[in-house]
Amino acid sequence: MFRKKKQMLLLVAMILGGTLLSFAQETERLTLEKAIQMALKNNTNIINSKIDLKIAQKKIWETTAKGLPHVDVKSSYQHLFSVPVLSFPGTELSKTRVPMNPATGIGTTSEVQLSTGESIYMNNVAGTPIALGVKDNITADLTVSQLIFSGSYIVGLQATKVYYNFSKQTDEKTKLDVAETVVNTYHMLQLAEESRKILAQNLDNINKTLSEITEMNKQGFLEKTDVDQLEVTANNVRNMMNQIDSNLDLGYRLLKIQLGLQESTKLELADEMESGDALVKSSMLLTAEQFNINRNVDYQLIQSAEKIAKLDLNLSKMAFLPTISGFYNHNEQLNSTSFNFSPRDLVGINLTLPIFSSGERLSVVSQKRMSLEKAQNTSKYVSSSLQMQASQYQTDVKLKLERYLNQKKSKELSDDIYQRTMEKYKQGISSSMDLMTSQNQYLTNLTNYYQSIYDLQGARSKLEKMYNINQDSLNK
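Here's what I pulled together on the structure shown here. Everything numeric in this text was worked out from a predicted model, so none of it was measured. (Residues numbered from 1 in each chain as written. Predicted model: local features only at pLDDT ≥ 70, side-chain atom pairs only at ≥ 80, totals over all residues. Heavy atoms only, no water.)

A closer look at the overall build of the chain
The cut-off we apply is this: A run of H or I in DSSP becomes a helix once it reaches four residues, and a run of E becomes a strand once it reaches two; helices and strands are each numbered from the N terminus. Note that the radius of gyration is over C-alpha atoms, with the globule rule given as 2.2 Å times the number of residues to the power 0.38. Contacts were defined at the residue level, with two residues in contact if any of their heavy atoms lie within 4.5 Å. For every accessible area listed, the method is Shrake-Rupley and the probe measures 1.4 Å; residues are considered covered only by the protein chains on display. Positive charges are assigned to Lys and Arg, negative charges to Asp and Glu, while His and the chain termini are left out of the count. Throughout, a charge is located at the NZ atom of Lys, the CZ atom of Arg, the CG atom of Asp or the CD atom of Glu.
Within the chain one finds 10 helices and 11 strands. Taken over C-alpha atoms, the radius of gyration comes to 46 Å for the chain, far larger than the 23 Å a tight globule of 476 residues would show. Taking contacts inside the chain between residues at least 6 apart in sequence as the whole, the part at least 24 apart equals 82%. Split by element, the accessible area of the chain, about 29,600 Å² in all, is 56% carbon and sulfur. Charge-centre separation for the chain: the mean point of 53 positive side chains lies 3 Å from the mean point of 50 negative side chains.

Structure below.
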């Protein structure tokens, strides 16, 4: 009885576990747009880029805060093992003569004889000792400072804006790079899925034909060589399918990494592979687009680099100007001496004026000026290179489009040839060698056809990235 209950509990646990596992492994259907948005949210490079952008925002406030009031409190404790003492000697009139002590100066300094014959002495006597400190003391200083003028601070404020824009442009470039990678991976998986589907249909047709000619061989109408030849063809298709399955497994793993998903997540592509008239039309529209270099993120980055070099030059020039700051200081002591001449409250202005540096500052300015000239030359070079690259990418899309159209026609023709050869083979008109030749020709053209689609989509992806066409969708 106990064993039956135990088996029943185990069965329930297995059922519940299977139910939970089915929920946990629910398939994620991905459109290309959804995949891109998921990558822009979860990709490691994107996350780090967002952190860099937040660092840039904090850097702006760090620079701004240098020109705002600063309040500092400083406290200290001190202990004196021996407190120095100071005493001021005094004088007094006395009828008693005191021997003079040269070391201390204590003693009779003068004598006056009265008419009565009595003598009055003027004596130096020790004064009341005054401590010049306290044995234990705690002091606290409060200082409020404010920058009044600094050329470096003014340039620094200007630089923070350029630095933040540079960080935003870098973030934009990271988004474009990640989106391009996801698009290429998605298209690769689409092609692999479609290729496998067609090869599976092809293998099904081959197996049906193989079954038919096997029966014909048993009846003596065909030789065993024909059966073996067709079985070799079937094995070749199976090997191709196995290779595609391996590529699909690696491709989906790669896509999960790019999207920031767990390895256990199951993915399914929701978009159909773009081909035919839709692919041709969208490609032709893309090549008709005009290149606007101001939208290109690489050009924006090089422009920002030139601005940074110009601000760097201005910063080196500001080293010739003075720096002025004001301050207020308040001092408190827990124990104080009788004679304490330190002011408790103090207000002042600090002025730093550079006078002579043996040409060091002039040398720095010259270096920054040359760096700016280099940045300007680089900007011109990049501008020309991007114009040429845009033209090259446009031409590449046109060539890939033409190759796709040719491969599409070749694939259709080879498919037609293969189907006719298959029918002739069934009727005994064509040989197994003819069938194998047409089969290999069809598979070769099929592979070239899908490769042409992938190449065309890759060329389009490069051109779209250069044009920054999807900028609005990337910033959602």
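There is more to say after this.
As for the nonpolar core
Test applied: What makes a nonpolar core is a set of buried Ala, Val, Leu, Ile, Met, Phe, Trp, Tyr and Cys residues whose side-chain atoms join them at distances within 4.5 Å. Three labels apply to residues, based on accessible area from a 1.4 Å probe with only protein chains included: buried if under 20% of the type maximum, exposed if over 50%, partly exposed otherwise in between.
If you look at the biggest cluster of nonpolar residues, it comprises 64 residues, and the most contacted ones within it are Leu30, Val182, Leu259, Tyr404, Tyr450 and Ile453. For this core, the secondary structure elements donating two or more residues are α2 (32–42), α4 (151–218), α5 (224–259), β9 (267–269), α6 (276–287), α7 (297–317), α8 (360–426) and α9 (432–467).

Thoughts on the sheet that holds strand β2 (residues 70–79)
Two orientations exist for strands paired in a sheet by backbone hydrogen bonds: parallel and antiparallel. Keep this limit in mind: Only strands that DSSP links by at least two bridges are regarded as paired with each other. Every angle, taken between N-to-C directions, lies between 0 and 180 degrees, and every axis is a line fitted to C-alpha atoms, over only the stretch in contact when it is a helix.
Overall, antiparallel pairing links the four strands, which are arranged β2-β8-β10-β11 in an open sheet. Because the sheet does not close on itself, it has two edges, and the strands there are β2 and β11 (345–352). Direction aside, the axes of adjacent strands within the sheet are offset by 25° on average. Bridge count between β2 and strand β8 (residues 136–149): 10 bridges; the pairing is antiparallel. Within β8, the residue paired with Lys74 across the bridge is Asp141.

Section: α6
Convention followed: For a helix, the expected span equals 1.5 Å multiplied by the number of residues minus one.
Taking 1.5 Å as the rise per residue, α6 with 12 residues should run 16 Å; its terminal C-alpha atoms sit 17 Å apart, in good agreement. Listed in full, the buried residues belonging to α6 are Gly276, Leu279, Val280, Ser282, Ser283, Leu286 and Thr287. The elements touched by buried residues of α6 are α8 and α9.

Digging into a nonpolar patch on the surface
Keep this limit in mind: Within this analysis, patches are made of residues with over 30% relative accessible area and no salt bridge. Like charges are joined at 9 Å or less; nonpolar side chains (Val, Leu, Ile, Met, Phe, Trp, Tyr) at 5 Å or less. Should a side-chain nitrogen of Lys or Arg be within 4 Å of a carboxyl oxygen of Asp or Glu, the pair is scored as a salt bridge.
Side chains of Ile148, Phe149, Ile154, Leu321 and Ile349 sit close together on the surface and give an oily, nonpolar patch of about 450 Å² of accessible area. With respect to the element layout, Ile349 can be found in strand β11.

Topic: α7
Note the cut-off: Throughout this description, a polar contact denotes any pair of N or O atoms lying within 3.5 Å of each other; where both atoms belong to protein, one of them has to be capable of donating a hydrogen while the other can accept it, and for residues adjacent in sequence the pair is counted only when both atoms sit in side chains.
When the terminal C-alpha atoms of α7 are compared, their 31 Å separation across 21 residues agrees well with the 30 Å that a helix rising 1.5 Å per residue should span. Those residues of α7 hidden inside the fold are in contact with α4 and α8. You can read the cap of α7 off the contacts: a side-chain oxygen lies 3.0 Å from the backbone nitrogen of Asp298, and it is on Asn296.

Some words on the sheet that holds strand β5 (residues 107–113)
The strand order β4-β6-β5 describes an open sheet built from three strands, whose pairing is antiparallel. Each of the sheet's edge strands pairs with one partner strand only, and the pair in question is β4 (90–94) and β5. On average, each strand axis in the sheet is inclined to that of its neighbour by 20°, with strand direction left out of account. Taken together, the six bridges between β5 and strand β6 (residues 119–125) define a ladder with antiparallel strand orientation. Bridged to Gly107 within β6 is Asn124.

So, the pairing of strand β10 (residues 323–333)
Relative to β10, β8 is paired through 10 bridges, and the arrangement is antiparallel. Residue pairing in the sheet places Leu147 in a bridge with Ser325 of β10. Pairing geometry for β10 and β11, over eight bridges, is antiparallel. Among the inter-strand pairings, Phe327 is bridged to a residue of β11, identified as Gly348.

Quick notes on the packing of α4 against α7
Condition: Orientation categories follow fixed angle ranges, with anything under 35 degrees roughly parallel, anything over 145 roughly antiparallel, 65 to 115 roughly perpendicular, and all other angles oblique. The crossing is said to be left-handed when, going from far helix to near helix, the turn is anticlockwise and less than a right angle, and right-handed when the turn is clockwise.
In the contact formed by α4 and α7, the axes pass within 9 Å of each other and the chain directions differ by 165°. Regarding the angle of α4 to α7, the classification is roughly antiparallel. Helix-helix and strand crossings are classified by hand; for α4 and α7 the assignment is left-handed. Listed contacts from α7 to Ser152, Val155, Gln158, Ala159, Val162, Phe166, Gln169, Thr170, Glu172, Lys173 and Leu176 of α4 are Val297, Asp298, Gln300, Leu301, Ser304, Lys307, Ile308, Leu311, Asn314 and Leu315.

Overview of the side chain of Asp171
Secondary-structure assignment places Asp171 in helix α4. For Asp171, a relative accessible area of 5% gives the class buried. Engagement of the side chain of Asp171 in a polar contact is seen with the side chain of Lys50, the distance being 3.5 Å.

Quick look at the pattern of salt bridges
Following the criterion strictly, the structure yields 20 salt bridges and no others. Across the pair Lys173 and Asp298 runs a salt bridge, and its minimum N-O distance is 3.0 Å. You can see Lys173 sitting in helix α4 and its partner Asp298 sitting in helix α7, a full 125 residues away along the chain. Taking the relative accessible area as the measure of exposure, Asp298 reaches 30% and is therefore partly exposed. With a shortest N-O distance of 2.0 Å, Asp416 and Arg420 are connected by a salt bridge. Separated by four residues within a single helix, Asp416 and Arg420 lie in helix α8, roughly one turn from each other. A residue is classified by how much of its surface remains accessible, and Asp416, at 38% relative accessible area, is partly exposed. Shared partners join several salt bridges into a network, and the residues in it are Lys50, Asp171 and Lys175.

By themselves, these figures tell us nothing about what the structure is for.
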